[in-house]
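# Breakdown of the fold
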Amino acid sequence: MDLHRRPHDGDAAVPLRRHKSPPSSPKASDALPLPLYLTNAVFFTLFFSVAYFLLHRWRDKIRSSTPLHVVTFSELAAILSLIASFIYLLGFFGIDFVQSFISRSSNDVVWEDHINHAVRQQIPILPPPEPLISSISTEEDEDIVKSVVEGKTPSYSLESRLGDCRRAAAIRREALQRVTGRSLQSLPLEGFDYESILGQCCEMPVGYVQIPVGVAGPLLLDGFEYTVPMATTEGCLVASTNRGCKAIYASGGASSVILKDGMSRAPVVRFSTAKRAAQLKFFLEDPLNFDTLAVVFNRSSRFATLQRIQCTMAGKNLYMRFTCSTGDAMGMNMVSKGVQNVLDFLQNDFPDMDIIGISGNFCSDKKPAAVNWIEGRGKSVVCEAIIKEEVVEKVLKTNVAALVELNMLKNLVGSAVAGALGGYNAHASNIVSAIFIATGQDPAQNVESSHCITMMEAVNDGRDLHISVTMPSIEVGTVGGGTQLASQSACLNLLGVKGSSKDSPGSNSRLLATIVAGSVLAGELSLMSAIAAGQLVKSHMKYNRSSKNVCQM
């Protein structure tokens, strides 16, 4: 998308016009036919000329005893000219002087008109724009910025034309500021490796966003301790998860099991008849054909191994859900290439097959779907722990019976009443999102990765608490995508899962999935305890409500 494109006048352009700076206020002197100094000179001369003329005439009338109210035509014209010049001098002679006072408040007045217009048009009101500060220092870069603004140079092509990703980002940023009239001064530009994202993470960068990273732990999971990095802007989240880790640690730790490990992709194809679509369905589901299809599929990568093919029909349309292991990669690209290989192979035996799309949403990626909740996608993990009675009371400040009852009425019954799909938990997505952002995962896959059912049960004669989380579709990887960025790579290294495992391909990503589940277990335990003890509001007021005046800092 080029930066120079602007909306035309009309209703469709109204939502965009609110981003422009308010128009400059007109000056009073703009209404004069002549320049201000010439107009002032004319009326100044006229005033004193007619005043002298009238005083001279009135003196002659007094000397000749002529009544003053008897005026001639020339005297009448002079009186009118005197009045007109006096009015002008009184109201407009000080325009330059008054204009300095007017300009001080003109922006406020114009902005008030802008707000009134926005209210009438039901447009969201944005604050006045910050002053634009240019970061361009050379004439060559200035010429390129002007070329981008005028539409002569596409913004997306700057990296390839300049060969300098940092310079391209700076020029694109400056062009964007000039086109929108909005400052990006507070968006950091320096201190980021723009080469590292070229062609794989983000296009047309203009800066980067700073998200604080906190740590929770140690999380004692399967006999090992992990310090969990969490990138979030929500106060109390890290502290709460940390408290859950403390309770788990004091009770002997948690344990986890990987139930499934397979990424899926489901293309949709169409035939002329439903019968013909069913023939392909039977062919794909025939065990005798699986080995042949697996050989074709596995050509996409040495880490890709086809596991199963699940088909469903909608009339004459066929949806084929391919699932395969992907090593330490999250695997979306890997499985997509394998599916394309199979589609090309099937085209020979089914030439009448019309490939509608490589993804038909039966996968299902980045959307809440029952197929992921039931069949799983990515890593399916269950994690559990037994929290001792004294830990529940001293660390979590509640009791086992209250937690079990709250979990049943909130996470199970309450979610059922709400018609939740995979949302039988307190806040699994909170922890999943924070770890995903910190470790370079795709944040959008938080949707299905947060599918979770939290179970609580009193054990050991009702003294202790058994808690578990079952998460059927955690989609993570330790190679590719955002995992190779410096900050995210450091967080993966903190967990000991950076990169691909040479000894056991796939073990790093599976370990990361169990850490996510263990962290969710800690977060669920702490939040549910806070609610049961009536501490939720108090905790958020302490950790999520700053009393500092940030504007004065």
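Here the structure is a predicted model, which is why all the values come from computation and not from measurement.

## Topic: the overall build of the protein
Within the protein, the secondary structure is distributed over 19 helices and 11 strands. Burial analysis of the protein (553 residues in total) assigns 42% to the buried set. Taking all contacts inside the protein whose residues are at least 6 apart in sequence as the whole, residues at least 24 apart take part in 72%. In the structure as shown, the protein presents an accessible area of about 29100 Å², 58% of it carried by carbon and sulfur atoms.

## A short note on the nonpolar core
Of all hydrophobic cores here, the largest spans 50 residues; its most connected members are M230, I387 and V520. Per-element tally for this core: the top contributor is helix 18 (residues 507-532), with 10 residues. Those residues within four positions of V520 in sequence are excluded, and the remaining contacts are A428, I431, V432, C452, V469 and M471. Core analysis: the next-biggest nonpolar cluster, separate from the first, contains 29 residues, V296, L318, M330 and F350 among them.

## Notes on the pairing of strand 3 (residues 255-265)
In this sheet, strand 8 (residues 378-387) lies alongside strand 3 in antiparallel orientation, the contact comprising seven bridges. Each residue of the ladder has a partner; that of G262, found in strand 8, is G378. Of the strand pairs in this sheet, strand 3 and strand 6 (residues 317-325) are connected by three bridges, and their pairing is antiparallel. For M263, the partnering residue across the bridge sits in strand 6 and is C324.

## A short note on the environment of Y424
Within the secondary structure layout, Y424 lies in strand 9 (residues 423-424). Sequence-wise, Y424 and C452 are 28 residues apart; in three dimensions their C-alpha atoms are separated by 6.0 Å. Here Y424 is in contact with W373, N411, L412, S415, A416, C452, I453 and T454, once residues within four sequence places are set aside. Within polar-contact distance, the side chain of Y424 engages the backbone oxygen of A420 at 3.4 Å.

## Regarding the confidence of the model for the protein
In this model, the protein carries a mean pLDDT of 87, and residues with pLDDT of at least 70 account for 83%. Across residues 4-22, where pLDDT falls below 50, the model places 29 contacts with residues more than four positions away in sequence or in other chains.

## Thoughts on the environment of W373
When you line up the elements, W373 lands in helix 12 (residues 370-375). With a relative accessible area of 23%, W373 lands in the partly exposed category. Measuring from C-alpha to C-alpha, the distance between W373 and I453 comes to 10.0 Å, with 80 residues separating the pair along the chain. Setting aside residues no more than four positions away along its own chain, W373 makes contact with G422, Y424, H451, C452, I453 and P472.

## Focus: the side chain of N508
Residue position: N508 is located in helix 18. Accessibility expressed as a relative area gives 12% for N508, which makes it buried. Here G499 takes part through its backbone oxygen, which lies 3.1 Å from a polar atom of the side chain of N508. Sequence-distant contacts of N508, defined by excluding residues within four places in its chain, comprise D328, T478, G496, V497, K498, G499, S500 and S501.

## Looking at the packing of helix 15 (residues 428-439) against helix 18
Axes are the key here: two packed helices are described by the angle between their axes and the distance separating the axes. It is at 9 Å that the axes of helix 15 and helix 18 come closest, and there the two elements cross at 135°. As summarised for this structure, helix 15 and helix 18 are arranged oblique, according to the angle between their axes. Seen from above, helix 15 lies across helix 18 with right-handed handedness. Side by side, helix 15 and helix 18 meet where A428, I431, V432 and I435 of the first sit next to V516, S519, V520, G523 and E524 of the second. Tallied by class, the residues present in the contact of helix 15 with helix 18 amount to six nonpolar, two polar and one charged.

## Quick notes on the pattern of salt bridges
When their charged atoms lie close together, side chains carrying opposite charge are able to pair. This structure, assessed with the given rule, holds 17 salt bridges. For R270, the salt bridge identified is with D354, shortest N-O distance 3.3 Å. With R270 in strand 4 (residues 268-270) and D354 in strand 7 (residues 354-357), this pair connects stretches of sequence that are 84 residues apart. Classification of R270 by relative accessible area gives partly exposed; the value is 36%. Residue D461 is joined to R463 by a salt bridge in which the shortest nitrogen-to-oxygen separation is 3.6 Å. Here the residues in one salt-bridge network are D365, R377, E448 and E475, joined through shared partners.

## Some points on a nonpolar patch on the surface
Where nonpolar side chains cluster on the molecular surface, the patch consists of V71, L76, L80, I83, F86, I87 and L90 and spans about 690 Å² of accessible area. Assignment of secondary structure puts V71 in the loop between helix 2 (36-63) and helix 3 (73-92). Residue V71 is classed as partly exposed on the basis of its relative accessible area of 37%.

## Observations regarding unusual backbone geometry
Of note, the amide linkage connecting G217 to P218 takes the cis form, showing an omega dihedral of 10°. Of note, P218 is situated in strand 1 (residues 213-221). You will see that D222, though not glycine, has its phi angle at about 55°, which is positive. Examined against the element boundaries, D222 turns out to sit in the loop between strand 1 and strand 2 (224-231). Phi is positive for C236, which is not a glycine, with a value near 85°. If you trace the backbone, C236 turns up in the loop between strand 2 and helix 8 (237-250).

## Quick notes on helix 7 (residues 165-180)
If you check helix 7, its first and last C-alpha atoms are 22 Å apart, about what 16 residues at 1.5 Å a residue would give, namely 22 Å. Taken together, the buried positions of helix 7 are C165, A168, A169, A170, I171, R172, R173, E174, A175, Q177 and V179. In this structure, the buried side of helix 7 is in contact with helix 5 (139-149) and helix 6 (158-162). Phi turns positive one or two residues past the end of helix 7, at G181, with a value near 75°.

## Comments concerning the packing of aromatic side chains
Tallied over the full model, the rule gives six aromatic pairs. Consider the rings of F192 and Y194, whose centres lie 5.1 Å apart with planes at 65°: the pair is edge-to-face. By relative accessible area, which is 30% here, F192 ends up partly exposed. Residue class for Y194 comes out buried when judged on its relative accessible area of 3%. With a centroid separation of 6.1 Å and an interplanar angle of 25°, the aromatic rings of W373 and Y424 are classed as stacked. A residue pair is termed long-range when its members are at least 10 positions apart, and W373 in helix 12 and Y424 in strand 9 qualify at 51 residues.

Criteria and cut-off values
Residues numbered from 1 in each chain as written. Predicted model: local features only at pLDDT ≥ 70, side-chain atom pairs only at ≥ 80, totals over all residues. Heavy atoms only, no water. Helix = DSSP H or I, 4+ residues; strand = E, 2+ residues; numbered from the N terminus. Buried < 20%, exposed > 50% of the residue type's maximum accessible area, 1.4 Å probe, protein only. Contact = heavy atoms within 4.5 Å. Areas by Shrake-Rupley, 256 points an atom, 1.4 Å probe, with all protein chains shown as cover. Core = buried A, V, L, I, M, F, W, Y, C linked by side-chain atoms within 4.5 Å. Pairing = 2+ DSSP bridges. Polar contact = N/O pair within 3.5 Å; in protein donor to acceptor, adjacent residues only side chain to side chain. pLDDT = per-residue confidence, 0-100. Axes fitted to C-alpha atoms, helices over the stretch in contact; angles between N-to-C directions. Parallel < 35°, antiparallel > 145°, perpendicular 65-115°, else oblique. Left-handed = near helix turned anticlockwise from the far one by under 90°. Nonpolar A, V, L, I, M, F, W, Y, C, P; charged D, E, K, R; others polar. Salt bridge = Lys/Arg side-chain N within 4 Å of Asp/Glu carboxyl O. Patch = residues over 30% accessible without salt bridge, like charges linked within 9 Å, V, L, I, M, F, W, Y side chains within 5 Å. Expected span 1.5 Å × (residues − 1). Phe/Tyr/Trp six-rings, centres within 6.5 Å; stacked < 30°, edge-to-face > 60°.

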